[in-house]
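# Coordinates in review
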Amino acid sequence: MNPPNNGKDDKVLFETDRIYTSTASEGGDFRFDTAVARVFPDMIRRSVPGYTTIIPMIGVITERFARDDTRCYDLGCSLGASTLAMRHGVGDRRCRIIGIDNSSDMIERCQHFIALDDHPATVELRCEDILDSDIRDASVSTLNFTLQFVDPERRPQLLERIAHGTLPGGALILSEKIRFESDWEQSTQTELHHDFKRANGYSDLEISQKRCALEQVLIPETIATHRERLLAAGFDQVTLWYQCFNFVSLLAVKA
Ligand code: GEK
């Protein structure tokens, strides 16, 4: 999502993430609340290696897989960066774009970003749990760094429902933070991720406090686990199309 470059509203929409700057600032598990929604574009860009590449590529992938008279789902849409990439990706095809998030703070601000964009494709935003969402007639769905926040025991069923709701030839884009089987890979990739955060201006204190806050909330899995589960859920092909350190994106396609 590119910030508009003028207007006093922009300062309100694009705040710098300072949530974990002091020891007194935060305790407890990470939550997608108002404070996070306010700084989210800055937070995700400075925390997730490759995010600024993945978003436009979601548009490119959508352009290939979107079909007339189908739906495109952005599951865990936050402020709508992927929703907007998909909206532009569908071009002039008759698609309904549906963005879903269970954080009302996110959906409220997302509405504002969608309204700033003038592409004619219809976007419907829903504040609901993706575990309860009705998913059908999908040509493209996106889980861009959302599945990692879902209880691992509920992940298989969610992916089965997405696969079931996907039309033949349709696709799912699944981006996740991952973990590695090998201790060396795990520690090296984690250190590189922290180097990326430091290079983006986060202090060691911010990095360690955020890490603690996410520990029980964001549960990463291996690429092998993701691949096997996508195939078991009903997708027929899976390919890794992007990796930067311990962050990846997979494309799963239904025959
Ligand atoms: C992007 N995709 O900018 N139901 C609905 N929403 C959920 C659920 C759930 N069960 N669990 C988590 N979320 C976005 C970025 S952020 C990723 C996605 C991150 C939502 C949660 O409220 C949050 O907005 C989003 O998933 C995850 O492309 O912060 O690393």
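Residues numbered from 1 in each chain as written. Predicted model: local features only at pLDDT ≥ 70, side-chain atom pairs only at ≥ 80, totals over all residues. Heavy atoms only, no water.

## Structural notes on unusual backbone geometry
Although it is not a glycine, Ser-78 sits at a positive phi angle of roughly 50 degrees. Structurally, the position occupied by Ser-78 is in the loop between strand 1 (70-75) and helix 4 (81-89). With a phi close to 65 degrees, Phe-145 is a non-glycine residue in the positive phi region. Looking at where Phe-145 falls in the secondary structure, it is placed in the loop between strand 4 (138-144) and helix 6 (155-164). Residue Phe-145 is classed as buried on the basis of its relative accessible area of 6%. (Helix = DSSP H or I, 4+ residues; strand = E, 2+ residues; numbered from the N terminus. Buried < 20%, exposed > 50% of the residue type's maximum accessible area, 1.4 Å probe, protein only.)

## Examining the site of the ligand
Lining the immediate environment of the ligand, one finds 22 residues, of which Tyr-51, Gly-76, Ser-78, Ser-82 and Asp-101 sit closest. Within the contact set of the ligand, an oxygen atom lies 2.8 Å away from a side-chain nitrogen or oxygen of Ser-78. In the model, a nitrogen atom of the ligand is placed 3.2 Å from a nitrogen or oxygen of the Asn-102 main chain. Contact with the protein chains hides 94% of the accessible area of the ligand, taken as 650 Å² for the molecule alone. Broken down by secondary-structure element, the contributors of at least two residues to the shell around the ligand are helix 2 (34-47), helix 3 (51-65) and helix 4. The residue makeup of the shell around the ligand, split by class, is eleven nonpolar, eight polar and three charged. Each of domain 1 (11-47 + 193-214) and domain 2 (51-179 + 217-253) contributes no fewer than three residues to the shell around the ligand. (Near = heavy atom within 4 Å. Polar contact = N/O pair within 3.5 Å; in protein donor to acceptor, adjacent residues only side chain to side chain. Areas by Shrake-Rupley, 256 points an atom, 1.4 Å probe, with all protein chains shown as cover. Nonpolar A, V, L, I, M, F, W, Y, C, P; charged D, E, K, R; others polar. Domains from an automatic or database assignment.)

## Some points on the packing of aromatic side chains
Evaluation of the coordinates by the stated rule reveals four aromatic pairs. Their ring planes at 85 degrees and their centres at 5.0 Å tell us that Phe-30 and Phe-32 sit as a pair that is edge-to-face. Using a relative accessible area of 28% as the deciding quantity, one classes Phe-32 as partly exposed. Grouped by ring-pair contacts, the aromatic residues Phe-30, Phe-32 and Phe-149 constitute a single cluster. Its guanidinium or amino end placed over the ring of Tyr-202, Arg-46 lies 3.9 Å from that ring's centre, counting from NZ or CZ. The aromatic ring of Tyr-202 is capped on one face by Lys-197, whose charged end is 5.2 Å from the ring centroid. (Phe/Tyr/Trp six-rings, centres within 6.5 Å; stacked < 30°, edge-to-face > 60°. Lys NZ or Arg CZ within 6 Å of the ring centre and 35° of its normal.)

## As for helix 9 (residues 223-233)
Burial in helix 9 covers these residues: Ile-223, His-226, Arg-229, Leu-230 and Ala-233. Projected onto a plane normal to the axis of helix 9, the buried residues spread over an arc of 135 degrees and lie on a single side. Residues of helix 9 that are exposed and point over 90 degrees away from its buried face: Glu-228 and Ala-232. The secondary structure elements touched by the buried residues of helix 9 are helix 6, strand 5 (166-177), strand 6 (237-244) and strand 7 (247-253). Positive phi shows up at Gly-234, right after helix 9, with a value of about 125 degrees. (Arc of directions from axis to C-beta. Contact = heavy atoms within 4.5 Å.)

## Some words on the side chain of Ser-133
Checked against the element boundaries, Ser-133 lands in the loop between strand 3 (123-127) and strand 4. Those residues in contact with Ser-133, other than ones at most four positions away along the chain, are Ile-100, Glu-128 and Arg-161.

## Topic: the environment of Thr-222
By the secondary structure assignment, Thr-222 is in the loop between helix 8 (204-214) and helix 9. Residues Thr-222 and Glu-181, spaced 41 residues apart in sequence, show a C-alpha to C-alpha distance of 7.2 Å. If we skip the residues at most four places from it in the chain, Thr-222 touches Arg-179 and Glu-181. In this structure the side chain of Thr-222 is engaged in a polar contact, spanning 2.9 Å, whose partner is the side chain of Thr-225.

## Details of empty space enclosed by the protein
Counted under the stated rule, the structure contains one cavity of 30 Å³ or more. What the largest cavity holds in volume is close to 40 Å³. Every residue lining the largest cavity is listed: Asp-17, Tyr-20, Ser-47, Lys-197, Tyr-202, Glu-206, Ile-207 and Lys-210. The greatest single-element share of the lining of the largest cavity, amounting to three residues, is contributed by helix 8. Class assignment of the residues belonging to the lining of the largest cavity gives a composition of three nonpolar, one polar and four charged. (1 Å grid on protein atoms, 1.4 Å probe; cavity = no way out; pocket = protein on both sides within 12 Å on 5 of 7 lines; lining within 4 Å. Points joined across faces, edges and corners; volume = space filled by probe spheres on them.)

## As for the pairing of strand 1
Burial of strand 1 is extensive: six of the six residues sit out of reach of the surface. Residues of strand 1 alternate between two faces, with Thr-70, Cys-72 and Asp-74 on one and Arg-71, Tyr-73 and Leu-75 on the opposite face, all of them buried. Here strand 1 runs beside strand 2 (residues 95-101); their pairing, made up of six bridges, is parallel. By the bridge assignment, Leu-75 is partnered in strand 2 with Ile-100. Note that the unit made of strand 1, helix 4 and strand 2 has a crossover that is right-handed. As judged from the four bridges shared by strand 1 and strand 4, these two strands associate in the parallel manner. Following the sheet pairing, Asp-74 is matched in strand 4 by Thr-142. (Pairing = 2+ DSSP bridges. Right-handed = clockwise from strand over helix to strand, strands pointing away.)

On their own, these measurements won't tell you what the molecule is for.
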